[in-house]
Amino acid sequence: MPDDSPARATARETIALLTGAAGFTEHRPPSHPLPPDGPLGWAGYDAARERAGTRTGEEESVVYGTGVVGDRACVLLAFEFGFLGGSLGRLTGDRLAAAYELALTRRLPLLALVATGGSRMQEGMVALTQLQRVAAASTRLRAAGLPQIAVVRDPTTGGGWATVGAGADVVLALPGAQVGFAGSRVRPADADPHAYSAEGQFAAGQVDAVVPPGELARTLTHWLRALGPHGALPAAPLPRALSAAPLPETGREAVAAARDPRRPRAEAYLADYFGARLPLHGDRCGGADPGLLCGFGLRADGLPVAYVAQCGTPTRPAGYRAAARTIRLADRLGVPVLTLVDTPGAANDAEAERAGAGAAIADAFAAVAEARVPVTTLVIGEGGSGGALALAAPDNTHVTADSYFSVIAPELAAAILKRPPSETGATADQLRLRPQDLLELGFARSIVS
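Going along each chain's sequence as written, the residues are numbered from 1 onward. With the structure being a predicted model, the display of local features is reserved for residues of pLDDT at least 70 and the display and counting of side-chain atom pairs for 80 or more, all residues being used for whole-chain, interface and lining totals. Just so you know, side-chain values use all the structure's heavy atoms and leave hydrogens and water out.

Caption draft 1: Examining the pattern of salt bridges more closely. In what follows, salt bridge is the name for a side-chain nitrogen of Lys or Arg lying within 4 Å of a carboxyl oxygen of Asp or Glu. Enumeration over the complete set of coordinates arrives at 31 salt bridges. When the shortest N-O distance is used, the salt bridge between arginine 321 and aspartate 283 registers 3.0 Å. Taken together, the residues span a long stretch of sequence, with arginine 321 in helix α11 (residues 317-333) and aspartate 283 in the loop between β9 (276-280) and β10 (292-298) at a distance of 38 residues. Burial classes follow relative accessibility: with a 1.4 Å probe on protein chains only, a residue under 20% of its type's maximum area counts as buried, one over 50% as exposed, and anything between as partly exposed. Classification of arginine 321 as partly exposed rests on a relative accessible area of 23%. Overall, the relative accessible area of 5% leaves aspartate 283 in the buried class. Notably, a salt bridge pairs arginine 432 with aspartate 437, separated by 3.7 Å at the nearest N-O pair. Counted as one network, the salt bridges with shared partners bring together Arg12, Glu26, Arg28, Glu58, Glu59 and Arg95. Think of it this way: any DSSP run of H or I at least four residues long counts as a helix, any run of E at least two long counts as a strand, and we number them from the N terminus.

Right, dumping it as structure tokens:
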């Protein structure tokens, strides 16, 4: 890795930005000295390490310890890019493993402030296998129900991105940061640089938010409050209805009310429900669905709740994958889930089929079915077939007066039955899709008014 680094915030400056007056207590693992010039005997390696130490004042490329961000204690680890490009060697692996173990022992969230060029070539395979150590340590923390948050700084590339960064539960990025598995010197010459940026990774659903440095401490404080760890939490309270719509007399009226563009949508419900909202973005498979909102929020009473909310559009495969990711994360951390159902159905175009619509919907069904935390559902508009049902909680689904739920849209049902358009209303009545019908059939537990 190169010895010199451009002007960037140091590891300790980044930690101080977050911990402020609360301070930071540094930890160090037991010392395991390297052989002369490292495990490969790479000529000049000891001299390069010495120069890096003199320039940065650090002994290695990672600093770790305990601190307080806002009002939440956590374990922080920060990469020092000025020390051999923030690269990972055996001693770096010792520090990373020790940081994860410290979080596990003290049952604290892990906050990683990443800036690295990847594995240290002067240590060869010894350096590369540190990625396996990190993956194993991260898995133990995940199994213990402890959250991991990564802030990817400039640059975050190679194995550090593919483990500490992208392997976190929540990934935030600083604006303009270079982020990607391939570093600038090894990617194709004609590669689009946007794809390797924080903003490009956000567009591809790999980063949850791009956060300016001045907003980072506040944002992380909210995330640490939301993710816990917590004790036993109650089910998410039902949102209140945001319209005074009367119950429809006919199926046609129910469908018209749910499709009314003036009806309150998910954004309005979430804004009314939460004091602070923290979005999770993307499916981690290269896609994002703007018609499905996912994340964690903090209510005015302090209760953290994870949310998955459809926005009235056909839900795409990336949306179902993001929903499953959110529900499983909430389940692992013991946070209750609220889902807002509002879709005419799953996207059914050729692109959706190529993107794995069936498998994505199946995974969303499974995530809801597997959840050990309480899942609460409110249908706030259209409930279009399996594309809506995938996000509905069995035995804990409620409906608003301006919603409907149906096995199929009445227009499509009439077409399948070869009925003229004039009989669509009668077909809607036969489907028994009104809120009061759903309550009588046992699908809905209540009509929220």
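Caption draft 2: Seen up close, the pairing of strand β14 (residues 397-400). With burial as the criterion, each face of β14 is covered, one bearing Thr397 and Val399 and the other bearing His398 and Thr400. One ladder, built from three bridges, connects strand β13 (residues 375-384) with β14; its direction is parallel. Bridging from a neighbouring strand, valine 379 pairs with valine 399 of β14. What makes two strands pair is DSSP finding at least two bridges between them. Where β14 meets strand β16 (residues 447-448), two bridges bridge the pair, whose relative direction is parallel. Residue pairing across strands places threonine 400 opposite valine 448, the latter belonging to β16.

Caption draft 3: View of a nonpolar patch on the surface. On the surface, Leu40, Trp42 and Met121 cluster together to form a nonpolar patch covering roughly 310 Å² of accessible area. Mapping tryptophan 42 onto the fold places it in the loop between β1 (24-27) and α2 (45-56). A residue is classified by how much of its surface remains accessible, and tryptophan 42, at 37% relative accessible area, is partly exposed. Like-charged residues are merged into a patch within 9 Å and nonpolar side chains (Val, Leu, Ile, Met, Phe, Trp, Tyr) within 5 Å, provided each residue has over 30% relative accessible area and no salt bridge. For the area figures, the Shrake-Rupley method with a 1.4 Å probe applies, and any residue is considered shielded solely by the protein chains shown.

Caption draft 4: Up close: the confidence of the model for the protein. Of all residues in the protein, 98% have pLDDT values of 70 or greater, and the mean over the chain is 95. Known as pLDDT, the predictor's per-residue confidence is scaled from 0 to 100. Pairs of residues are marked as contacts when any of their non-hydrogen atoms sit within 4.5 Å. Counting contacts from residues 1-7, a segment whose pLDDT is below 50, to residues more than four positions away or on other chains yields 20 contacts.

Caption draft 5: Molecular detail of the UniProt feature "domain: CoA carboxyltransferase C-terminal" (unreviewed entry) in the protein. UniProt positions are given in the numbering used here, feature names are shortened, and annotations may be inferred rather than shown by experiment. Taken from the UniProt record, the annotation "domain: CoA carboxyltransferase C-terminal" (unreviewed entry) applies to residues 237-449. Helix makes up 37% of residues 237-449 and strand 21%, and the two end C-alpha atoms of the span are 14 Å apart.

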